[in-house]
Amino acid sequence: MIFLPIVERELRVAARRGATFVWRSLMALCAIGIGIIVFLANFNQPDTVVGYAIFTGLAVLALVYCLFAGRLSTADCLSEEKREGTLGLLFLTDLTGNDVVLGKLAATSLNAFYGLLALFPVLALPLLMGGVAYTEFTRLVLVLLDTFLFSLAIGMFASSLTRDLRHAMAVNFAMLLALTLVIPCIGAAIAAWWHVIINPFGYTSPIYCFVLVFDRFYKPTPYNFWFSLFIIHGITWWLLYQAGRIVPHSWQDAPKPKPVTAKNKAPRQGWWHKWSYGPVEKLPAHRKKLLDVNAFFWLSSRARLKPMHVWVFLFLLGAWYFFLHITADGIVDDALDLMAALLLTTTLKLWLALEAGQQLARDKKSGALELLLSTPLNEHDIVRGQMLALRRQFFFPTIAVLILDLVLMYGALSFNKQHPDPQLGYIWMGSILMVPIDLIALSWFGMASALTAKNYNRSVMAAAGMLALPYLIFGVGTVIAEVWIDLTSSPPAFGSAFHPGWFFALSLVTDVFFGRRAYKQLFGGMRRMASQRFISATRAEAEIKPAKPKISRRKLALRWAVATAVIAVVAGYLSMDSPRHFPPPVIVPMSTGQGTLQVFPSSAGAIFILPDGTLWRFGKTGGNMDRAIVPEPFDTNRWTSVAAAPEDFIGIRDDGTLWQEPFRYGAPGGLSQLGSDHDWVKVSGVNSHGCAIKRDGSLWVWGNNQIGQLGIGPGPFQETPVQVGSDKNWSSTFCSGAATLAIRTDGTLWAWGRTFFISGFQYSSVANFATPTQVCRDTNWSDFPVTGMTIKVRNRAGELWEPFLLPPDALLGADATCRLACYAANSNRLAYAFCGEPTAFEIRTNGTLWRKEYTSGSTMIASTEKWQQVGKRADWVSLWGGGGTIYGLTTDGVLWTWGFDPTRTDEPDNFHESLRVFHLQILAAMGKASGGARFGMNRNAVWQYEKKPHAILRLTGAPSVASTP
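Residue numbers restart at each chain and count upward from 1, following the sequence in its written direction. The model is predicted, so local features are restricted to residues of pLDDT at least 70 and side-chain atom pairs to those at 80 or more, both for listing and for counting; the totals for chains, interfaces and linings are taken over all residues. Note that the side-chain values use all heavy atoms of the structure and ignore hydrogens as well as water.

Student: If you had to explain the pairing of strand S2 (residues 598–602) to someone new, which residues and values would you point to?
Tutor: For S2, the tally of buried residues reaches five of five residues, placing the bulk of the element in the interior. Think of it in three bands: residues with accessible area under 20% of the maximum for their type are buried, residues over 50% are exposed, and the middle band is partly exposed, with areas taken using a 1.4 Å probe on protein chains only. Think of it this way: any DSSP run of H or I at least four residues long counts as a helix, any run of E at least two long counts as a strand, and we number them from the N terminus. Burial along S2 is two-sided: Gln598, Phe600 and Ser602 and Val599 and Pro601, pointing in opposite directions, are all buried. One ladder, built from five bridges, connects S2 with strand S3 (residues 605–609); its direction is antiparallel. Paired with valine 599 across the bridge in S3 is phenylalanine 608. Counted along the chain from S2 to the antiparallel partner S3, the turn is two residues long. Strands pair, by our definition, only if DSSP identifies at least two bridges between them.

Set out below in structure tokens:
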């Protein structure tokens, strides 16, 4: 005998069926479309972030697909055969129960399984973008396959127990809910009340196993993932085995009820029958009450306790919501209220869609609907009876849901009273108004789709699709609008009610369109749809519309030529990376005997101190001034030290006086002197605060002190410099964001303000220190030689370190609280920047320039990437780095720059420029250009990463060698 003969036959049949290939192609296209939407919505983010967003979004949708596609495929496969009396024919052969169960499993789920397989290549694409490990992808594939089989097994087991569709669907849903949510919730309740975490409570849930796919949850306890995966797989095979045992004994016709006797007051009933229809002695009164109103009303409402099912669901949801509030220690959260309201309304709508066409689909399939239409009942009577049945089941629960939504809305708005969001109220009110409209439209559409679809499951999916259509259109439209704003740089001045109003209009149009169409189908073609299964093949062929005339070969060839030309132009445009044209370098004559060039970079430009001591600016820096497209003079006085920031400026003149641009927003522009002292020697600062050291070694600070960045304890904004403590042993300072670092003459490193702690290459946590706190016990720190994306500190051995691996601790060594970045660091021959990737640039002893990216580690010494030479020049002498821009000086007195261009504005100049920037984003996604332009910038940033250095300044008349900034 052939092993599993029914499975083999179904595979052969599926191979000849066009739908098998169409469905998996559609699934792959849908996944690609969703991935493109996620990419466009995040194209101003790093590649790793975009890849992770695409992976997680598709993974969640794939999990939902597995949970419900398998359930809908097998929920009625065996019970339908029992109702039609064809299941027993299979057992006239030598087939076993397992042969039948596995054969039906293959027959009903093959298309859904092929659709799942089509998702895997799309899920693997984010691996190329980074942010997702291949081990995560492998675990996700295992979980999705396990979940899909688990869902199929639940449906098969529930279908083997009964012949009634509603009974099978209810058992199916109850089992899925119990194993997936109820048992894990019991474990969560125990953990919340007794503070004991019992992981085995989650082992039966595919959702629990899905969460453990990701490394941050998997690595602490990997055994939990594998235990859950194997337990779910074991439950799957146990359910299939039990279904195979039950089927051979449950295919017979239902036994006739026993006659009523003195000992047996009523026919024997099962628990589900009792729960749905109520006690037998009350059925006559219930039947008479409904028949007096409408005959189909009684036919569709014979289950007397149907409304009770909805009330039970509302009670369980209320208990869940109450439990979450208790476990959250009474903390009310607007996100929790929104989630509860969304779950309420969505479940109510889907439930009504399930009930709307169930009776009509059953009667159509059995032929009872055509018999009903041959009685005095007409189409209006049948539709009215079904609407009365739906009203009886859902009217009062809908009123309760609307009241609960209002209560939840009040709670959410109360929670946001301190920071009100106008859109939140509009969203709530629009959602509440749409509930009754959606229910009415779903009622009409559910009845019509039950008569037109091939089976009941497809009609339910069609109703769910109608419900999801406004969300899909709204999401796609929002992404297109965001991309258009990025291209045109002209965000529309919409009010806070625009987006909720747009979604409300979409939902209303969808309901009117599909509801009106369904209404016409019900009242104009019910008789035709009811008798559709009896129409002969000859008549069906006669009703086919005549085929459209064939297109001539000449026209077809012309269309193909035009399509090929368009594709070629688009492909050429996407593969093209045209070079930029920069203005010629500014030539500045110098005389002999002058000083050296100094460069002080910031995140958006740089300040230069030329050898004659004059101050020049480049990009967006140097006070409240316009962006300098080429280097230009800033101040003709002689300067010795400068701290540059995008909007502010601090500097020391050669007479020892301290000058700055005001830190306060809206203050009048122009340089102003701080105090009257003439003994300032070193300065540093950012947009919010500054610090400087006097000749006697005392440290002074001023500016914003909101989170203790001045180191003098909590206090207000300081207009003038204030001394930090009374010590006079400070040698060097560095400001970064809201943090300040300083080195004493004894070699100790100190920090205060807001410090971010490193996890990998990301900053994962934060701590505030209002007074100077020693970073580590080491006493060999010397200075802050380079600038860049992270803070770098050099010790007297020449090593370059990055704080903070751990919070500051004077008892720990530097190897515990900091991270080694480089073994030897010459102050003006090494620079760091974020140029597409975290990158280090170094000048070798022979004058050549080299680069190295951090693609495999968090520091330069941990990276496995090899050094690459930049250009062919061998006369480099100095480097400076700031943010994403690098500056380099050669022996001929030429200053070069590359990386992100600080002369570009944050907003595109015109549509053509915006289109070019969007083109660069596409090139980044294709791997043909750097994607780093999306890192750390606002959503409209258009800076392009330039790989080749270009000259911006030429000093003539005397050789110029850079000094340490």
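Student: Describe the sheet that holds strand S21 (residues 818–822), listing the residues and the values that go with them.
Tutor: Taken in spatial order, the four strands line up as S18-S19-S20-S21 in an open sheet, and their pairing is antiparallel. Strand pairing shows two members of the sheet lacking a second neighbour, strand S18 (781–783) and S21, which therefore form its edges. On average, adjacent strands in this sheet sit at an angle of 45° to one another, irrespective of strand direction. By the bridge criterion, two bridges tie strand S19 (residues 793–795) to strand S20 (residues 800–803) in an arrangement that is antiparallel. Across the sheet, residue arginine 794 finds its bridge partner in S20, namely leucine 800. Only the stretch in contact is used when a helix axis is fitted, and all axes are lines through C-alpha atoms; the angle between N-to-C directions ranges over 0 to 180 degrees.

Student: Quick one: what's the story with the packing of helix H8 (residues 134–161) against helix H12 (residues 222–246), residue by residue and with numbers?
Tutor: Closest axis-to-axis distance for the H8/H12 pair is 8 Å, and the angle between their directions is 25°. The angle between H8 and H12 places the two elements in the roughly parallel class. Both H8 and H12 take part in a crossing whose hand is left-handed. Along the contact surface, H8 presents Arg139, Leu142, Val143, Asp146, Leu149, Phe150, Ala153, Ile154, Met156, Phe157, Ser160 and Leu161, while H12 presents Phe225, Trp226, Leu229, Ile232, His233, Ile235, Thr236, Leu239, Leu240, Gln242, Ala243 and Ile246. In this classification, the charged set is Asp, Glu, Lys and Arg, the nonpolar set is Ala, Val, Leu, Ile, Met, Phe, Trp, Tyr, Cys and Pro, and all remaining amino acids, among them Gly, are polar. Looking at side-chain class alone, the contact of H8 with H12 contains 18 nonpolar, four polar and two charged residues. Here the word oblique covers every angle except those under 35 degrees (roughly parallel), over 145 (roughly antiparallel) and from 65 to 115 (roughly perpendicular). For any pair of crossing helices, the crossing counts as left-handed if the nearer helix is rotated counterclockwise from the farther one by less than a right angle, and right-handed if it is rotated clockwise. By definition in these notes, contact holds between two residues if any of their heavy atoms fall within 4.5 Å.

Student: Describe the nonpolar core, naming the residues involved and giving the relevant values.
Tutor: Core analysis: the largest hydrophobic core is formed by 61 residues, its most contacted members being Leu116, Leu140, Leu144, Met156 and Phe225. For this core, the element with the highest residue contribution is H8, accounting for 13 residues. Apart from residues lying up to four places away in sequence, methionine 156 is in contact with Thr74, Cys77, Leu78, Val101, Lys104, Leu105, Leu240 and Ala243. Counting 47 residues, the second largest nonpolar core, distinct from the first, contains Val383, Leu408, Trp428 and Ala518. Here, the term nonpolar core denotes a set of buried Ala, Val, Leu, Ile, Met, Phe, Trp, Tyr and Cys residues that are joined through side-chain atoms within 4.5 Å.

Student: Let's hear about the packing of helix H6 (residues 97–124) against H12: which residues, and what values?
Tutor: The geometry of H6 relative to H12 is characterised by a closest axis approach of 7 Å and an angle of 120° between their N-to-C directions. With respect to their mutual orientation, H6 and H12 come out oblique. Considering how the two elements wind past one another, H6 and H12 form a crossing that is right-handed. Across the interface between the two elements, Gly97, Asn98, Val101, Leu102 and Leu105 of H6 pack against Leu240, Tyr241, Ala243 and Gly244 of H12.

Student: Describe the packing of aromatic side chains, with residues and values.
Tutor: Classification of ring pairs rests on two measures: the distance between centres of Phe, Tyr or Trp rings, Trp counted by its six-membered ring, which must be within 6.5 Å, and the angle between planes, read as stacked under 30 degrees, edge-to-face over 60 and tilted in between. Scanning all chains against the criterion turns up 29 aromatic pairs. Plain terms: the ring middles of phenylalanine 157 and tryptophan 238 are 6.4 Å apart, the flat faces sit at 40° to each other, and that makes the pair tilted. Note that phenylalanine 157 is positioned in helix H8 and tryptophan 238 in helix H12, a separation of 81 residues in sequence. For the ring pair phenylalanine 225 and tryptophan 226, a centre distance of 4.9 Å and an interplane angle of 80° mean the geometry is edge-to-face. Given the relative accessible area of 0%, phenylalanine 225 is considered buried. Overall, the relative accessible area of 31% leaves tryptophan 226 in the partly exposed class. Ring pairing ties together the aromatic residues Tyr52, Phe55, Phe210 and Phe214, which thus form one cluster. Over the face of the ring belonging to tryptophan 730 we find arginine 744, whose NZ or CZ atom lies 3.9 Å from the ring centre. To sit over a ring, a charge needs its Lys NZ or Arg CZ within 6 Å of the ring centre and within 35 degrees of the ring normal.

Student: Please give an account of H12 that cites residues and values.
Tutor: Multiplying one less than the number of residues by 1.5 Å gives the expected span of a helix. Along its 25 residues, H12 runs 37 Å from first to last C-alpha, staying within 8% of the 36 Å computed at 1.5 Å per residue. Among the residues of H12, those classed as buried are Asn224, Phe225, Ser228, Leu229, Ile232, Ile235, Thr236, Leu239, Leu240, Gln242, Ala243 and Gly244.

Student: Report on the confidence of the model for the protein chain, specifying residues and quantitative values.
Tutor: Every residue carries a pLDDT, the predictor's confidence in it, which falls somewhere between 0 and 100. Across the protein chain, the average pLDDT comes to 76, with 73% of residues at 70 or higher. Between residues 260–269, whose pLDDT stays under 50, and residues either more than four places distant or in other chains, the model counts twelve contacts. Within the model, the stretch residues 926–943 combines pLDDT values under 50 with 55 contacts to residues more than four positions away or in other chains.

Student: Explain the environment of valine 683 to me, using residue names and the numbers behind them.
Tutor: Relative to the helices and strands, valine 683 resides in strand S10 (residues 680–685). By relative accessible area, valine 683 is classed as buried at 11%. Distance from valine 683 to isoleucine 693, taken between C-alpha atoms, is 6.5 Å for residues ten residues apart in sequence. When residues no more than four places from it in sequence are discounted, the contact partners of valine 683 are Ser641, Val642, Ala643, Ile650, Gly651, Ile652, Leu658, Cys691 and Ala692.

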